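# Descriptive structure summary
Here's the letter readout for the chains.
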Amino acid sequence: MSSRKREEAEEATAARPLLVKTLQEVADEALEIGSKRQPFSAESRYKAPRIRDARVVHSVCPYCAVGCGLNVYVKDGQVIDIEGNPDSPINHGTLCPKGAATFQYTVNPSRLTRVLYRAPYSDHWEEKSLDWAMEQIALRVKETRDATFVERLADGREVNHTLAMASLGGATLDVEENYLMKKLFTGALGIVSIENQARI
Amino acid sequence: MPGLGTTFGRGGATTFPQDLVNSDCILIMGSNMAEAHPVAFANVVKAKERGARVIHIDPHFSRTSALANLYVPIRAGSDIVFLGAIIRYLLENKAFFEEYVLHYTNIATLIREDFRDTEDLDGVFSGYDPETGTYDPTSWDYERDAEGRPLSDPTLQHPRCVYQIMRRHYARYTPELVEQVCGVPRALWQQVVDTLVANSGRERTSAICYAVGWTQQSKGVQIIRTAAMLQLLLGNIGRPGGGVMALRGHASIQGSTDVPTLYDLLSGYMPQPAALLAPGEGTRRPRSEEVQAPVAGEEMRPVGPSQQTLAEYIAAVGQKTGWWANLPAYIRSLLKAWYGSYADEENGERSYRFLPKIISDHSHLATSYAMLDGKVRGYFLFGQNPAAGSTNARMQRKALAQLDWLVVRDLYEVESAAFWYRGPEGETVDPRQIKTEVFLLPAAASTEKEGSFTNTQRLLQWRDKAVDPPGDARSDLWFVYHLGKRLKALYADSPHERDLPIKALTWDYERETPEPGSRILDEPDALLVLKEINGYYARSADGKEYCLREASHVPDFTVLKADGSTACGSWIYSGVYPAPERNRAASRDPSGYTFPNWGFAWPANRRILYNRASADPQGRPWSERKKYIWWDEERQQWTGYDVPDFPLRKPPDYTPSPGATGIDAHSGSDPFIMKPDGKGWLFAPSGLKDGPLPTHYEAVEAPIANPLYHRQSNPVARYFRDRPDNRLAAVGDERYPIVATTYRLTEHHLSGPMTRWLPWLNALQPALFVEISPELAAERQIRHGDEVIISTPRGEIEARAMVTRRLRPLRLNGRIVHQVGLPFHWGFQGKTRGSITNDLTHMVLEPNVSIEEAKAFLCDVRPARRGRR
């Protein structure tokens, strides 16, 4: 036991009134572990894993493609821990260093939470509202598409596309996200260079 | 993916990592599985404990090598010689699994008389056009009868049968050549051969695992092909413990190709319609200098069959025989899913015209060149970081500076968002010179949205949402959906014909009720998107139309129709969500050998593909030990431990009638149902841009001349030699004598956007290093821990020297060749920073998939400054 833990344990003991225990009380403090009853200190009985009472959400590791199952523990609307899912036939509860760090990937003070905008030739970021950014992006797309859309090649063949916009996605995009991207960008707007980490 | 797709029929791993425990031998090459896929590697360790032999072939000794029974150091870029020599051994010694190969592959098929091999034409196949650097593959086709059916010679005597052609093709791939080119002593190579042969056949199976050590080479597809052919010859495909296990590197890299965000594919591996252009006869440019778009004023000519109408498209890309004969149903169902009632007009022809046609290579790297030339105005980056993560990253940063506008969606301020005011040490960046307007939008993490990933074994797994993303962070689903809604509003009143696809697009994924407990009230319904991907009945028998929300789910792809009555976003995923409340991606019952109720594997929840081949031609298991799928005589159907990858009731002795089409054209012993002839393709008569058989070419940058041909490197790769940013080292260039390879560390991911902001991982791997052998270190007076400079014709970077025996000098033809290895996870943002390894690599494109060659290039290493930090 580290000295700090010992201090904590002593504090916890000191905080409770001193009682003289009966034999029955000692027996009650024993807990069934496997097939045996083992004596447990009062201190241990009060301790519980911090994930007790947390909601378990089933997830999948966002790093490599092995697809390890994750248990995400949520308490009071916050992710408090992420562990390997012991039920998964892929990882049986185990995780590699990256997978085990998923918690820090999601709960991290360096994360962006506001839209940042950099005007042409500017030397600084400006914070903008999400609504403003969405409208500006939609306008840029329309402007670029309208200016560069090609309906037919010089040889007369129909192509209905624009080569002046492109998209590159990571392979941590969901299947559903990829589907909507291709549908909107290629299916509606005629952008052909819709690409992905899968090419890299 | 074309490596596996062309050989077997589908661009996915043929098996699943958990089945590796049933292997008798596991060959790992082009992969450091223990460090890059550690949890999957646990299955390899289990197999080893059960007696399997594990072989690791790699330039770099790693934990994978340490846990293998046999480690073989090899020169980066020489894989096809090593594997090709095994193919030669099997053919010359008739050591292949004869009954399997004769029935299940095209070994007996005859090839056209005008086909010429690389052995005849000094390193190119027939059909090569030296002016454009491309192939016309016509002469690679099968010899056919008047009805178009392939001819064959089951005695394998005919000089033009695949067996004899392969024997001639690989005749010079001898153990001596392996020594000379790979730097592997022949006895060591022979040990690999003996181990594979001893552990393949009726009673035993071997598996091959690979990763981007193969794909990131200028002949990557052909390396994968060589392994796939080897597994066919050994009879290891479709059987437990066998297969080719493609180890994908990202959570949903398989998913991003199945439901593609790729320029040349529609979902389910249907090609994107094309109206290809090539430089005109008068102004022919070598393909190496090909640009993405036609140059103004230059004469261009159309190439390839016309795909201007849906009927022409189906004729051009479809198949009359094999499963792909169903293409019309799949493309019509996709059009119906995208364009709703518009897809019904003119038998789908009108909506087909909505689909943009590609005219050239619009891949990521080809587009980067176009961007550099100022031809791309707007760019979206969804969790992707080309400024540090793409090859020739310095050029990528220059390209970003040519854009008018850039949208970056990420969790952190990655290099690609910050390129306009910061660069790597020594690179000055002046914001006043950069016009690019940048929108940096915070994105949700994988725990903050629901949706599915498709993992390395083609398995869709659903994630539930844990919490809301912070602040203005949103899912990419939210972003795309709301951008689409805004664009539909902006175009709502447009009278122009060309804007009709935007108006026609079906785009309603609103939630019926807000998500309980969420403060984000307008998050789209990901399950509704999954329903569209799965497919639905858009029209009932009495002609009533149903929209996505109210329609009934289709149970699987076999019910899809070519008449506009069904809609389906990706036919290969059909069956994932066959009924309301039955999202099979979210099924979590781990029981059973193949755990069929954990997630959903495409297609049709099959876990081992081509599993008909696990039984002999008569439908009996090859052996009791390797039993998997077999013909149940009593019930007159296929049965076993998996979903049969074969028509359930087609008996083993079924013989197609003359003129049969579709899947009925295959016999009862043709396991590769996607291929037109039902056979595994040892020889690929079509589908590849760089040849029907894998041939050894040196890497684009190599220390030795190709001993086989005057052709030094892949004749149809695209080199972009005229680009000042893409200078290449010549063979024997004394300034760059060292072979370099790159790899991933267990503790980091790519250029670091998902790891370099995490203190835990940074503590484990804080800095870039380069691994150098003690011999090279002594030669260059480098001590362990020194700062060194690594240089290539593209640039220089700094790293700390790790002097280690994990890399060793190789002896090639009496000459010593040094190799160094370095990870590529750092950049100028994040909590640990360092040089960008991708500043060293070049941007030459593999011809089939336009992927770069980061696994074998040339460099030099020298001390930076004296003393340790």
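Residues numbered from 1 in each chain as written. Chains lettered and ligands numbered in written order. Predicted model: local features only at pLDDT ≥ 70, side-chain atom pairs only at ≥ 80, totals over all residues. Heavy atoms only, no water.

What follows deals with the overall build of chain A. For chain A, the count of helices and strands is seven helices and 10 strands. Scored against the burial criterion, the 200 residues of chain A give a buried share of 54%. Across chain A, contacts joining residues at least 24 apart in sequence account for 31% of those joining residues at least 6 apart. Accessible surface computed for chain A: about 9400 Å², of which carbon and sulfur atoms make up 52%. (Helix = DSSP H or I, 4+ residues; strand = E, 2+ residues; numbered from the N terminus. Buried < 20%, exposed > 50% of the residue type's maximum accessible area, 1.4 Å probe, protein only. Contact = heavy atoms within 4.5 Å. Areas by Shrake-Rupley, 256 points an atom, 1.4 Å probe, with all protein chains shown as cover.)

Pairing within the open sheet is antiparallel, and its three strands lie in the order 15-16-19 (chain B). Edge positions in the sheet fall to strand 15 (451-454) and strand 19 (600-601) of chain B, since each has one partner strand and no second. Alignment of strand 16 (residues 459-463) of chain B against strand 19 of chain B, held across two bridges, turns out to be antiparallel. Of the residues in strand 19 of chain B, the one forming a bridge with Leu459(B) is Ala601(B). Along the sheet face, helix 7 (residues 175-188) of chain A touches strand 15 and strand 16 of chain B and points at about 95° away from the line of strand 15 of chain B. (Pairing = 2+ DSSP bridges. Axes fitted to C-alpha atoms, helices over the stretch in contact; angles between N-to-C directions.)

A word on the packing of aromatic side chains. All names here are of chain B. As enumerated under the stated definition, the model contains 56 aromatic pairs over all chains in all. Geometrically, the ring pair formed by phenylalanine 380 and phenylalanine 479 is edge-to-face, given 6.2 Å between the ring centres and 65° between the ring planes. Remark: phenylalanine 479 occurs in helix 20 (residues 476-490) and phenylalanine 380 occurs in strand 12 (residues 378-382); sequence separation between them is 99 residues. Judged by relative accessible area, phenylalanine 479 falls into the buried class, the value being 0%. The interplanar angle of 80° and the centroid separation of 5.5 Å between the aromatic rings of tryptophan 638 and phenylalanine 646 together place this pair among those described as edge-to-face. Accessibility expressed as a relative area gives 2% for tryptophan 638, which makes it buried. One aromatic cluster in this structure is built from Phe115, Phe125, Tyr128, Tyr135, Trp140 and Phe683. (Phe/Tyr/Trp six-rings, centres within 6.5 Å; stacked < 30°, edge-to-face > 60°.)

At their nearest, the axes of helix 6 (residues 130-148) of chain A and helix 20 of chain B sit 9 Å apart, and the two run at 60° to each other. On the basis of the axis angle, helix 6 of chain A is oblique to helix 20 of chain B. Crossing hand, helix 6 of chain A versus helix 20 of chain B: right-handed. Touching Leu130(A), Asp131(A), Met134(A), Glu135(A), Ile137(A), Ala138(A), Leu139(A), Val141(A) and Lys142(A) of helix 6 of chain A are Trp478(B), Phe479(B), His482(B), Leu483(B), Arg486(B), Leu487(B) and Leu490(B), all from helix 20 of chain B. (Parallel < 35°, antiparallel > 145°, perpendicular 65-115°, else oblique. Left-handed = near helix turned anticlockwise from the far one by under 90°.)

Turning to the confidence of the model for chain A, a few remarks are in order. Taken over all residues, the pLDDT of chain A has a mean of 88, while the share at 70 or more is 82%. This stretch, residues 12-18 of chain A, has a pLDDT under 50; its non-local contacts, to residues over four places away or in other chains, come to three contacts. (pLDDT = per-residue confidence, 0-100.)

Another aspect to go through is the sheet that holds strand 3 (residues 55-60) of chain A. Residue and element names in this part refer to chain A. Ordered in space as 3-4-5, the three strands form an open sheet in which the pairing is antiparallel. At either end of the open sheet lies a strand with only one pairing partner, and these are strand 3 and strand 5 (78-84). Direction aside, the axes of adjacent strands within the sheet are offset by 30° on average. Examined bridge by bridge, strand 3 and strand 4 (residues 69-75) share six bridges and lie antiparallel to one another.

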